[in-house]
Amino acid sequence: MEGIPKTFWGKLRTKDGVVVAWHPLIHHCIDVGACFEAMLEQTLLGCRLARLAGRTSLSKKMIQRLAVLATLHDLGKFNLGFQNKAPIKKRHWALVDYKIEAGHLSEFLWLLKEGDARLFEALPIESFENWGGERVCDLLVAAICHHGRPIPCGDWRCNSSSVWNSRGALDPFQGIGELCAKLPSWFPAAFEKDDGSDKLPEAEPFQHAFSGLVMLADWLGSDSERFFPFSKNLNDDRMTFARERAKEAMKQIGLEVGEPRKSLGTLPVGFQKVLPFPPRAIQRTVLELPVGPDQRNGSLTILEAETGSGKTEAVLARFLRMFQAGLVDGIYFALPTRTAATQIYRRIGEIVKRAFPNLESRPVVVQAVPGYISADGVEARGVLPGFHVLWPDKKSQEEMRFRAWAAEHPKRYMAAGIVVGTIDQVLLSALQVNHAQMRASALLRHLLVVDEVHASDAYMTRILEVVLDHHLAAGGHAFLLSATLGSSARERFLARVFRAKDALREKAEESPWKKAIELPYPLISHAVVGAEKPASRIPSAGHELQVKNSGSPQKKVRVTLKPWLDNADEIANLALDFATQGAKVLVIRNTVAGCLKVQEALEEMAREMGRMDLLFQVPRNGANPVVLPHHSRYSKEDRKILDNRVEILFGKDRKPGGCVLAATQTVEQSLDLDSDILISDLCPMDVLLQRVGRLHRHAKNVEPAKFRDVARLFVLVPHKQDLAQVIEIRNRGGEKILLGPAGLGTVYRDPRILELTWRQLRPPTKKDRQTVLLEIPRMNRELVETATHPARVRSLVQELAQTDSGQKWREFGQTVEGKLQAQKSVANLNVLNRGKPFGEGGFPSARDQGKVYTRLGGDSRRADFENAPPGPFGTKVKSLPIPDWMAREVGTDEMPRDVTGI
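How should I be thinking about the overall build of the chain in this particular structure?
Each helix and strand in the chain was counted, giving 31 helices and 26 strands. Against the globule reference of 29 Å for 902 residues, the chain gives a C-alpha radius of gyration of 30 Å, in line with a compact fold. By its C-alpha atoms, the chain is 95 × 60 × 60 Å across when sized along the principal axes. Taking all 902 residues of the chain together, the buried fraction comes to 58%. Relative to all contacts within the chain whose residues are 6 or more apart in sequence, the contacts with residues 24 or more apart total 76%. Surface accessibility of the chain: about 37000 Å² in total, with carbon and sulfur atoms responsible for 50%.

Looking at this model, I keep getting lost on a negative patch on the surface. Mind explaining?
There is a patch of like negative charges on the surface, built from Asp-569, Glu-570, Glu-604 and Glu-608. Only α23 (568–580) and α24 (592–609) provide two or more residues apiece to the negative patch. Structurally, Asp-569 can be placed in helix α23.

What exactly am I supposed to notice about unusual backbone geometry here?
Across residues other than glycine, the phi torsion is negative in most instances, and most of the peptide bonds are trans. The omega torsion across Tyr-521 and Pro-522 is 0 degrees, close enough to zero to call that bond cis. Its place among the elements puts Pro-522 in the loop between α22 (513–517) and β13 (523–528). With an omega of 10 degrees, the peptide bond running from Ile-776 to Pro-777 counts as cis. Along the chain, Pro-777 turns up in the loop between β24 (771–776) and α28 (780–788).

Help me out: how do you make sense of the sheet that holds strand β20 (residues 677–681) in this one?
The strands that make up a sheet are held in pairs by hydrogen bonds between backbone atoms, and each pair lies either parallel or antiparallel. Taken together, the six strands give an open sheet; going across it, the order is β19-β16-β20-β21-β15-β24, and neighbouring strands pair in mixed fashion. Each of the sheet's edge strands pairs with one partner strand only, and the pair in question is β19 (659–663) and β24. Each strand axis lies, on average, 20 degrees off the axis of its neighbour in the sheet, ignoring direction. Sheet analysis places strand β15 (residues 555–562) next to β24, joined by six bridges and oriented antiparallel. For Lys-555, the partnering residue across the bridge sits in β24 and is Ile-776. The sheet strands contacting α24 are β16 (584–588) and β19, and the helix crosses β19 at an angle near 150 degrees.

Looking at this structure, I do not really get the state of the cysteines. What am I missing?
Applying the stated rule across the entire model yields zero disulfides. With no disulfide of its own, Cys-153 has Cys-137 as its nearest cysteine by sulfur position, at a separation of 9.5 Å. The class of Cys-153 is partly exposed, set by a relative accessible area of 37%.

Sorry, what's going on with the pairing of strand β11 (residues 446–450) here?
When a strand is regular, its side chains alternate between the sheet's two faces. Summarising burial for β11: five of the five residues are buried, a large majority. Residues of β11 alternate between two faces, with His-446, Leu-448 and Val-450 on one and Leu-447 and Val-449 on the opposite face, all of them buried. Alignment of strand β4 (residues 330–335) against β11, held across five bridges, turns out to be parallel. Residue pairing across strands places Tyr-332 opposite Leu-448, the latter belonging to β11.

Explain the nonpolar core to me, please; I cannot follow it from the model alone.
Buried together is how nonpolar side chains tend to be arranged in soluble globular proteins. Formed by 146 residues in total, the largest nonpolar core has its most connected members in Phe-36, Leu-66, Leu-72, Trp-164, Ile-176 and Phe-210. Looking at this core element by element, the count peaks at 11 residues for helix α1 (residues 25–42). Beyond its immediate stretch of four places on either side in the chain, Leu-72 contacts Leu-123, Phe-128, Leu-140, Ile-144, Leu-179, Cys-180 and Leu-183. Grouped together as the second largest cluster of nonpolar side chains are 86 residues, Ala-601, Ala-662, Phe-707 and Ala-787 included.

It is not clear to me how the side chain of Lys-311 should be interpreted in this structure. Could you clarify?
Mapping Lys-311 onto the fold places it in helix α14 (residues 311–325). We note that Lys-311 is buried and unpaired, the nearest opposite charge coming from Asp-451 at a distance of 5.7 Å. Within polar-contact distance, the side chain of Lys-311 engages the backbone oxygen of Ala-305 at 3.1 Å. A polar side-chain atom of Lys-311 sits 3.2 Å from the main-chain carbonyl oxygen of Glu-306. Among all residues touching Lys-311, those that are not within four sequence positions of it are Leu-303, Ala-305, Glu-306, Leu-481, Ser-482 and Ala-483.

Even after reading the chapter, I still don't get the pattern of salt bridges, so can you show me in this structure?
In the structure shown here, the tally under the stated rule is 39 salt bridges. For Arg-347, the salt bridge is made with Glu-313, and the minimal N-O distance between the two is 2.7 Å. Placement of Arg-347 in helix α15 (residues 338–355) and of Glu-313 in helix α14 is noted, with a sequence separation of 34 residues between them. Judged by relative accessible area, which is 23%, Arg-347 ranks as partly exposed. For Glu-379, the salt bridge goes to Lys-640, with nearest N and O atoms at 2.5 Å. Placement of Glu-379 in strand β7 (residues 378–379) and of Lys-640 in helix α25 (residues 636–650) is noted, with a sequence separation of 261 residues between them. A relative accessible area of 26% places Lys-640 in the partly exposed class.

Parameters at a glance
- In this convention, every chain numbers its residues from 1, walking through the sequence in written order.
- Since the coordinates come from a predicted model, pLDDT governs what is reported: local features require at least 70, and pairs of side-chain atoms require 80 or more to be given and counted, while whole-chain, interface and lining totals use all residues.
- Just so you know, side-chain values use all the structure's heavy atoms and leave hydrogens and water out.
- The secondary structure listing takes helices from DSSP runs of H or I that are at least 4 residues long and strands from runs of E that are at least 2 residues long, numbered from the N terminus.
- Between the two quantities, the radius of gyration covers C-alpha atoms and the globule rule is 2.2 Å times the number of residues to the power 0.38.
- Summary of the burial criterion: residues with accessible area below 20% of their type's maximum are buried, those above 50% are exposed, and those between are partly exposed, where the area comes from a 1.4 Å probe applied to protein chains only.
- Residues are treated as being in contact if the distance between any of their heavy atoms lies within 4.5 Å.
- Residue-level accessible areas treat just the shown protein chains as cover; the underlying method is Shrake-Rupley with a 1.4 Å probe.
- Patches draw on residues past 30% relative accessible area with no salt bridge. Two like charges within 9 Å are joined, as are two nonpolar side chains (Val, Leu, Ile, Met, Phe, Trp, Tyr) within 5 Å.
- Whenever Lys or Arg places a side-chain nitrogen within 4 Å of a carboxyl oxygen from Asp or Glu, that contact is recorded as a salt bridge.
- Only four residue types enter the tally: Lys and Arg on the positive side, Asp and Glu on the negative side; His and the chain ends are excluded.
- Lys charges are placed at NZ, Arg charges at CZ, Asp charges at CG and Glu charges at CD.
- Pairing between two strands requires that DSSP report at least two bridges joining them.
- Where helices are involved, their axes are fitted lines through C-alpha atoms of the stretch in contact, as for all axes, and angles between N-to-C directions lie from 0 to 180°.
- Only a pair of cysteine sulfur atoms within 2.5 Å counts as a disulfide in this structure description.
- As used here, the term nonpolar core means buried Ala, Val, Leu, Ile, Met, Phe, Trp, Tyr and Cys residues forming a set that is joined through side-chain atoms within 4.5 Å.
- Under the rule applied, a polar contact is a pair of N or O atoms within 3.5 Å (in protein, one hydrogen donor and one hydrogen acceptor; residues adjacent in sequence only if both atoms are side-chain atoms).

Rendered as structure tokens:
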């Protein structure tokens, strides 16, 4: 509506500080209520909420009762202090001389706590009593706190009670009464009498999930540009209009998936929807996992298979079957790094086009990496004032206006149909940060896929466990992928599913090492919520579950130890020697500092040889190519160029010719890279096997032919054979830390696992010429369990306790175990407590929320530059990530605003 608000307003549109249009508050409440109702009726979110309430479904009465409470989410806006926020030049006439301004959340909660009789006269209290009494009050509080965070009871305050007094024609309680009087006509089933079977649940996790959906409904119902334009008349039939627009909005943004599901047909989806050739044994076994009614309780699947075995395609085939069967409405594919997420996003986008060839019935694919706005492979050019996203051209601007709604803000990622992003976005759904409940609730409808699940430390793993507990309790489905998951970790994850969790968890810690290494590999563990034990499947070439053969080709890897951990010249010389023979050589170092030292040595030697062409380089238009390493400290703009070039030179479709790339962990996970020779720092066995996954990944690529028979891995180790002489124990700020070369003790903090890894790589006798032959994946299980199993770690410490360095090894163990417990404790402090009623627990302050991280040490700074300087490739550098340790002594207000030396 145009002009001055004539009654209570819910939304305003201003220009140059003057109101030009307004939306009646009651109509805004209707918009949000209609969105909430549509989410429960048109998506799996209604079923997920029901599971949290101990039911299989929500009745129509319950849905409409919850929709009533969602409609009342903005009751606080009826206070005159909030209404007074309209610019004075276009303010309601009754407030022209009114001086008080107020918010609308804690002000209403204060009114509720005070028990103001005027409020209870306006609300349908008798109906609330029939719906569940106090539990309805808890849910109303959850609806009121729709701005992203719970408000604890101690913060329910109002600076001036006069904001609730009438003034002129504006009476807050009359406004509330008018809204509540219309509720029975909008939601008639909610007010029907019943036998008590439709009372609203009191379960605390239900309250949190309900609040998250109200947040999402409010965000969607507040979008006046696309879905809910301001009313033109106070007397419009807004509810009929809002319900129609809500249903359409659900389809447009990807929440409602009827058309995509229908497009898959009625026959079970085959693997040809994913790739044009027959599935491997692993992929076929995953595809044939059950999708029957017994799966509706929720499930957890763990796939352990070697790197390069097609796990990504296997899980996407599983998703299509589950999606077709109505078990999930979408998928969130979580990767450990931004680089991996960017590459997998492109791969999944191509597969989705194959599975859903018609755009009209294709789910949107969103990249969930903050800093990028990308959907269906199209990246936005930027954001205009007013948060309007600018897409590359007129066609994409029109197509993405609705489809890419979820991509435009990180908090909305989970609302898309197919989402590919970092694990961080998932972990944020379980932390005490704004809109955690909204993320978690939207995630419930997805198949949650976590790739490289072994890569998480104790802190991240504990948060992931909280995510899984909530997801599975709501009947959700999760799929964990790993090439190197230890048996104790697998059992801990499976324990999230079963009733006797504590017993299973204890059993997992004490399971014998020999029994663990006898488990087949690859292995699929599939557990249905409520079942007594998981079902295990062993993929085989003949698909007979008793045959321990994955059908995948064995890769022979000859391992040579080199005591060059601190000798960059020797590393560079070895790499260039192989490159001159035509090999693609990948050097992976544990730290950026180590990577840079090797890069400097490579450039110096290559320059003397006159063979700079052997080094990894990025071409530039009209200028010499840039020779550089691959690590995490580039700007977003440069990182994209760098990653693309890595894929060209080391990817599946690489061309022949020698090349050396010095890199860090940025290339070891999820990336489809392929090298002929791998040189790696010593690291834990599970990490080393991930790196080996970038060696001979595509056998047809290996050139020259002399490198084909046996893959070559050189592991850089300390010159001294005893890690106790290499890694120091120091005190820093009253805390014991381990400090060794090349990230030993810092990046990889457990010397015991490093020692167990090193032992397996040492040749048993001197006659073996310093080499060990590994067969991958046949030996994967034994290699990982021998290096990481708790029993092996205890046995090692007992053995080394008898040596001269025994005391130091005991201190290593105490320091590591202490840090593990500290990480878990910090995680437990930071995670959401869904066991409390919504109004009893608050979040840290906005300032302190900046200290709640998805990763320990994850508080990196970002330096933004108003006058973006050119980067090494000529692109403008708008921002740079700065690791915390570099800026530890610098205040947050002292970030750099300029760059020199580029």
